[in-house]
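Structural description and commentary
Take a look at the letters that make up each chain.
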Amino acid sequence: MLNKELKLVSENTLYDRSKVEQLPIRNGFGEGLVIAGDANPNVVVLCADLSESTRAQTYQKKYPDRYIEVGVAEQNMASLASGLAAVGKVPFISSYAMFSPGRNWEQIRTTICYNNQNVKIAAAHAGVSVGPDGATHQAIEDIGIMRGIANMIVFVPADAHEARRATAAAAKIKGPVYIRYAREKTPIVTTDDTPFEVGKAYIYRDGKDVALIAAGPLVYEALMAAQVLAKDGISARVINCPTIKPIDEALIIKAAKECGAVVSCEEHQTMNGLGSAVAEVLARNHPAPQEFIAVQNRFGESGEPNELMEKFGLRDHHIVDAAKKAIGRKK
Amino acid sequence: MAYLNDEKIKQLTHQANEVRQSIIEMLVEAKSGHSAGPLGMADVFTTFYFHILKHDPHNPDWEERDRLILSNGHICPVQYATMAHAGYFPIEELKTLRKLGTRLQGHPHRTSLPGLETTSGPLGSGLSQAAGMAYGLRMDEKKNWVYCLMSDAEQQIGQIWEAAMWAGNNKLGKLIGIIDRNNIQINGFTENVMPVEPLKAKWEAFNWHVQEIDGHNFEEIVNAVEEAKAIFNRPSLIIAHTIPGKGVDYMEYRYEWHGSPPGSIEPKGAPPKAEQAKKALEQLRTLGGKITSEHQ
């Protein structure tokens, strides 16, 4: 049963892949930018020659004077944004995650984070579900390199609606924020009325045998896995964790205590992402068996998004197997 | 800002010398840090903080202030020393350079010290920030000037040219870059390590107005900034030719002093380590033996 208080989509369509509504998560970025721009005239958007595919274009059309084209120069883009923030602007920089923050990490660390400037790094095309473009364009290390920087907040929204809320919320935070968006159409799980608060994780479906802690497109896969597990008599708690940093420690500790086993689920390298963040909380507070649904120390490759999710072990049935394994490790 | 008269030049000369003495004293105390660049840029920094900049040391966040961005953060001893002499903080505090708990970090950190416009150290990103500031200020129809001080070896970094291209394209007339053309970098002379010439032609090709000056001549520094201000349809660059280590004879022109403080190395022509600091201060206080020091 879905948590009714969170106003998620109807269960009647959610668990049927052919019926569930799907939208690219990046669409939420464009819409969120417009909300942020409506609310604050100081919001400016910078893009490195990818405004259509990142969806920065949605903002560009409404606010052409507050859209800044940078060309293919991500390092310059990061530091330009730092300068714009220094004179009171609220810049969002947008490109593919592989290029920003992939190429401009040091500029983000020194001129944005250490310099404590109010810049938002919005990264499209994260994860292997980018598809045919292949490994050069599939960022699976970005959460790690962003959450390791002091002063940085990290969001990984689960669907287009949450992406819109996360984008608008980022504009209201005074300080650096990293937001990661997937390219492909992703099942819609939340509605306009679903809450999103910085630093909060949410129990989307309650359970007591294992906790599936997920972020991004894997939230839907975790919900599907819980449905399958229920048929096997296993009660799985599904947690959406859209803020990777600062992570919701209390909710994670509670889940480990009450469920006794955890599976972290993300479209990211197994090192340094959501799984690592969860493990850090558990190791310090309440060690519990944990399995990691993530890319296992390799690069992506070309293929259709669903083929790649399958190949890299990121689908619902992989989560089901991992959940059973985690439960089996309970003492 | 006005053109210089003899009296003002005399004041700046005296002030720059005080700044150089402070640089030596703070480096000796810190036992690490860069010598040659800071000494070479003492005249430029003095001219900015004591004549060119619109600023208020007692109100460092003043909205109408000009912005001075130091891109090559490693020469921060000269910025700290000049700021202290200009009244931003007590001169005594210069002795805390690079020590635990100091506001004077080994490379400048904006949020540690009021009056610093940015954090820098990793080279090549200052011009982008200055361009972002100039662009943002223009969006709000503000009148502030934005200055960015860079090193010559920094011209080897790709990001400088990304920023140069972007600023040229956006015709940022309020942006003025200054390159410290002292010809040295850690591994040797720039033209041996990785030539940056022809520097003037490169910047002109990126749609900047470019001037070359003697970076130790106060009048040339001021006149070049005045000319740059008169060019309002594109950004301006001033290539300031300076002598690394200027004012301390055994350091002048020698790349070995790029990243070393007095007392740390003994390259050819240098006095014994134990005497280096004393010799440097003696020379500065007597203007290279031209006057008898009041301290003697």
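Residues numbered from 1 in each chain as written. Chains lettered and ligands numbered in written order. Predicted model: local features only at pLDDT ≥ 70, side-chain atom pairs only at ≥ 80, totals over all residues.

By the naming in an unreviewed UniProt entry, chain A goes by Transketolase. UniProt's Cofactor (unreviewed entry) comment on chain A is quoted here verbatim: "thiamine diphosphate". Under Sequence similarities (unreviewed entry), UniProt gives the following word-for-word description of chain A: "Belongs to the transketolase family." (UniProt positions renumbered as here; feature names shortened; annotations may be inferred.)

1. So, the interface of chain A and chain B
Contact residues are listed per partner, giving 21 residues for chain A and 21 residues for chain B. At the level of secondary structure, the elements contributing two or more residues to the side of chain A that touches chain B comprise helix H5 (74-86) and helix H6 (105-114) of chain A. The greatest single-element share of the side of chain A that touches chain B, amounting to nine residues, is contributed by H5 of chain A. Here the side of chain A that touches chain B is built from residues that sort into eight nonpolar, eleven polar and two charged. (Contact = placed C-beta atoms within 7 Å. Helix = DSSP H or I, 4+ residues; strand = E, 2+ residues; numbered from the N terminus. Nonpolar A, V, L, I, M, F, W, Y, C, P; charged D, E, K, R; others polar.)

2. Overview of the nonpolar core
Ranked by size, the top nonpolar core spans 197 residues in total, and within it Leu212, Ile213, Ala214, Ala222, Ile239 and Ala323 of chain A together with Ala131 of chain B carry the most contacts. The element best represented in this core is helix H9 (residues 218-231) of chain A, accounting for nine residues. Sequence-distant contacts of Ala214 of chain A, defined by excluding residues within four places in its chain, comprise Val219, Ala222, Val238, Ile239, Asn240, Cys241, Cys265 and Glu266 of chain A. (Core = buried A, V, L, I, M, F, W, Y, C linked by C-beta atoms within 7 Å. Buried ≥ 20, exposed ≤ 12 C-beta atoms within 10 Å, placed from the backbone.)

3. Focus: the packing of helix H1 (residues 6-30) of chain B against helix H3 (residues 42-52) of chain B
Residue and element names in this part refer to chain B. Look at H1 against H3: their axes get within 9 Å of each other, and the N-to-C directions meet at 120°. By the angle between their directions, the pair H1 and H3 is classed as oblique. Of the two elements, H1 crosses H3, and the hand of that crossing is right-handed. Between H1 and H3, the contacting residues are Lys8, Leu12, Gln15, Ala16, Val19, Arg20 and Ile23 on the first element and Ala42, Asp43, Phe45, Thr46, Thr47, Phe50 and His51 on the second. Here the contact of H1 with H3 is built from residues that sort into seven nonpolar, four polar and three charged. (Axes fitted to C-alpha atoms, helices over the stretch in contact; angles between N-to-C directions. Parallel < 35°, antiparallel > 145°, perpendicular 65-115°, else oblique. Left-handed = near helix turned anticlockwise from the far one by under 90°.)

4. Focus on the UniProt feature "domain: Transketolase-like pyrimidine-binding" (unreviewed entry) in chain A
UniProt's feature table lists "domain: Transketolase-like pyrimidine-binding" (unreviewed entry) at residues 23-188 of chain A, given in the numbering used throughout. For residues 23-188 of chain A, the helix share is 41%, the strand share is 19%, and the end-to-end C-alpha distance is 7 Å.

5. Some words on the sheet that holds strand E11 (residues 236-240) of chain A
Residues and elements named next belong to chain A. Ordered in space as E9-E11-E10-E13-E14, the five strands form an open sheet in which the pairing is mixed. Where the open sheet ends on each side, the last strands, each with one partner, are strand E9 (202-205) and strand E14 (290-295). Sheet twist, expressed as the average angle between the axes of neighbouring strands with direction ignored, equals 25°. In this structure, strand E13 (residues 262-269) lies alongside E14, joined through five bridges in parallel fashion. Within E14, the residue paired with Val262 across the bridge is Gln290. Sitting on the sheet, helix H10 (residues 249-259) touches strand E10 (210-214), E11 and E13, and the angle it makes with E10 is about 155°. Here helix H13 (residues 316-328) sits on the sheet in contact with E10, E11, E13 and E14, set at roughly 155° to E14. (Pairing = 2+ DSSP bridges.)

6. Brief notes about the sheet that holds strand E2 (residues 43-47) of chain A
Residues and elements named next belong to chain A. In space, the seven strands of this open sheet follow the order E3-E2-E4-E5-E7-E6-E12, with mixed pairing throughout. A strand with exactly one partner marks an edge of an open sheet, and here the two such strands are strand E3 (67-69) and strand E12 (243-245). When strand polarity is set aside, the average angle formed by the axes of neighbouring strands in this sheet is 20°. Examined bridge by bridge, strand E6 (residues 153-155) and strand E7 (residues 177-180) share three bridges and lie parallel to one another. Bridge assignment links Ile153 to a residue of E7, and that residue is Val177.

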